[in-house]
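Topology and contacts: notes
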Amino acid sequence: MMLINQIIERARANPQRIVLPEGTELRTLRAANQIIKEGIAKLILIGNKNTINELAQQESLSYINNAEIVDPETDARMSDYSQLLYEIRKSKGLTVEEAEKFAKNPLYLACLMIKNGDADGELAGAQNTTGDVLRPAFQIVKTRPGISVVSGAFLMFTPTTQYGSNGLIVFADCAVNPNPSSKELAEIAVSSAETIKAMAGVEPKVAMLSFSSKGSAKHELVDKVVEATKIAQTINPDLQIDGELQADAALVPEVGKSKAPGSNIAGNANVLVFPDLQSGNIGYKLVERISGSKAIGPILQGMAAPINDLSRGCSVEDIVNMVAITANQAMNK
């Protein structure tokens, strides 16, 4: 877990402007107070200014005074933001009146602030569903050039330090895409490799997971993973990637040598790309609960700017960590 401390230190050394749309949510406010106190980021809270200040006073959160508070009902920039939204969405039939209404929605306003250059990243989800967080992000910020799919990765800090990078393994996609195509799976692999490099500074070694290793089974689901591996190599010819590999072949050197002889990834993977959301989501939760691993995320990948989603059951610590991760993404954008 030393890595999360390093991520926080990098964020503190170059504070980014992170907007928190759920500015009146208590865990968010408590985390914001700690973040400002420790200098991890420059925070923008969206919400009614009086309500935020009253909650901060009740909770003795004295550092909230140093946050920028944006009230959608009174902020002087709202006409600019609604006009920006109208220009972005008018081809989809959005009217001026609808743009004015949507711009006051904190989740839309946060994305408009990023699009307008007034914020570097966003973190939400303590009160809102993933779908609600992602909808305005797709409409306003959109995906990075060359990437058509957004995915969710977890940093898994495991007690089994012989695997991954001293126990750190990236799991993806565990949050967004139920059944990605071969092309989408390839893009998830490329994005996940960038995530571990940006967060941990280690060289990614990507394993494309399956129930088969190098042709040990024949099935259309295996074919999808094989094709995804080829596409990922086309997208990034320098990427260290191999597949299809079973999980043990990806992680355990002895098994890797047996099931995939000659592979420089088998037995050495630090990024695991799951073939679908079911396996990814089940896999990370099993590892987290059974092994005592720490899961941090989901880190949303593929957006043109860092926008991250929280679990509605998140803790104050989760919010602090994810703000630091969002800040690191903004620095590496």
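Above this text is the structure in question.
My aim in this report is to walk through the structure given alongside it, one point at a time. (Residues numbered from 1 in each chain as written. Predicted model: local features only at pLDDT ≥ 70, side-chain atom pairs only at ≥ 80, totals over all residues. Heavy atoms only, no water.)

1. Observations concerning the overall build of the chain
The number of helices and strands found in the chain is 13 helices and 11 strands. Whereas a compact globule of 333 residues would reach a radius of gyration of roughly 20 Å, the chain reaches 21 Å, a difference of no more than 12%. In terms of its C-alpha atoms, the chain occupies a principal-axis envelope of roughly 65 × 45 × 30 Å. Within the span of the chain, comprising 333 residues, buried residues form 52% of the whole. Looking at the chain as shown, the accessible area adds up to about 14,400 Å², and 48% of this sits on carbon and sulfur atoms. Each charge sign in the chain was given a centre, from 32 positive and 37 negative side chains, and these centres are 2 Å apart. (Helix = DSSP H or I, 4+ residues; strand = E, 2+ residues; numbered from the N terminus. Rg over C-alpha atoms; globule rule 2.2 N^0.38 Å. Buried < 20%, exposed > 50% of the residue type's maximum accessible area, 1.4 Å probe, protein only. Areas by Shrake-Rupley, 256 points an atom, 1.4 Å probe, with all protein chains shown as cover. Lys, Arg positive; Asp, Glu negative; His and termini not counted. Charge placed at Lys NZ, Arg CZ, Asp CG, Glu CD.)

2. Side note on helix α9 (residues 220-235)
Counted at 1.5 Å a residue, the expected span for α9 with its 16 residues is 22 Å, and the 22 Å between its end C-alpha atoms agrees. If you check which residues of α9 are buried, you get V222, K224, V225, A228, T229 and A232. Angular distribution of buried residues about the axis of α9 spans 155 degrees; they occupy a single face of the element. Across α9 from its buried face, at more than 90 degrees, point the exposed residues E220 and T234. (Expected span 1.5 Å × (residues − 1). Arc of directions from axis to C-beta.)

3. Some points on the nonpolar core
Ranked by internal contacts, the top residues of the largest apolar core, which has 62 residues, are L43, L155, V206, M208, V323 and I325. Broken down by element, the residue count for this core peaks at 10 residues, all from helix α8 (residues 182-200). Excluding anything up to four places from it in sequence, I325 contacts I4, I7, L155, M199, I296, I299 and N308. In terms of nonpolar packing, the next biggest core, distinct from the first, is built from 31 residues, L134, I140, V141 and M303 among them. (Core = buried A, V, L, I, M, F, W, Y, C linked by side-chain atoms within 4.5 Å. Contact = heavy atoms within 4.5 Å.)

4. A closer look at the sheet that holds strand β8 (residues 241-245)
What the six strands build is an open sheet, ordered β8-β7-β9-β6-β5-β10; its pairing is mixed. Edge strands, defined here as strands with exactly one partner in the open sheet, are β8 and β10 (294-301). Averaged over all adjacent pairs, the angle separating strand axes in this sheet is 25 degrees, with direction ignored. Across three bridges, strand β7 (residues 206-209) lies against strand β9 (residues 271-273) in parallel orientation. Across the sheet, A207 pairs through a bridge with L272, a residue of β9. The sheet strands contacting helix α12 (residues 277-291) are β5 (151-157), β6 (168-172) and β10, and the helix crosses β5 at an angle near 20 degrees. (Pairing = 2+ DSSP bridges. Axes fitted to C-alpha atoms, helices over the stretch in contact; angles between N-to-C directions.)

5. So, the pairing of β7
Of the two faces of β7, the one holding V206 and M208 and the one holding A207 and L209 are both buried throughout. As paired strands, β7 and β8 are joined by four bridges and run parallel to one another. Its bridge partner lying in β8, M208 is registered against G243.

6. Overview of unusual backbone geometry
Cis geometry is adopted by the peptide bond preceding D173, which originates at A172 and carries an omega value of -15 degrees. For D173, the position within the fold is in the loop between β6 and α8. The omega angle of the peptide bond from G243 to E244 is 5 degrees, so this bond is cis rather than trans. On the secondary structure map, E244 appears in strand β8. One non-glycine residue, N166, adopts positive backbone phi at about 55 degrees. Along the chain, N166 turns up in the loop between β5 and β6. According to the relative accessible area criterion, N166 is exposed, its value standing at 62%.

7. A closer look at the pattern of salt bridges
Applying the stated criterion to the full structure yields 16 salt bridges. The partner of E68 in a salt bridge is R77, and the shortest N-O contact between them spans 3.1 Å. Among the residues examined, E68 registers a relative accessible area of 35% and is labelled partly exposed. On the basis of relative accessibility, which here comes to 26%, the residue R77 falls in the partly exposed class. For D242, the salt bridge identified is with K214, shortest N-O distance 2.5 Å. Taken together, the residues span a long stretch of sequence, with D242 in strand β8 and K214 in the loop between β7 and α9 at a distance of 28 residues. For D242, a relative accessible area of 11% corresponds to the buried category. By relative accessible area, which is 41% here, K214 ends up partly exposed. Each of E9, R12 and E38 takes part in a single network of salt bridges with overlapping partners. (Salt bridge = Lys/Arg side-chain N within 4 Å of Asp/Glu carboxyl O.)

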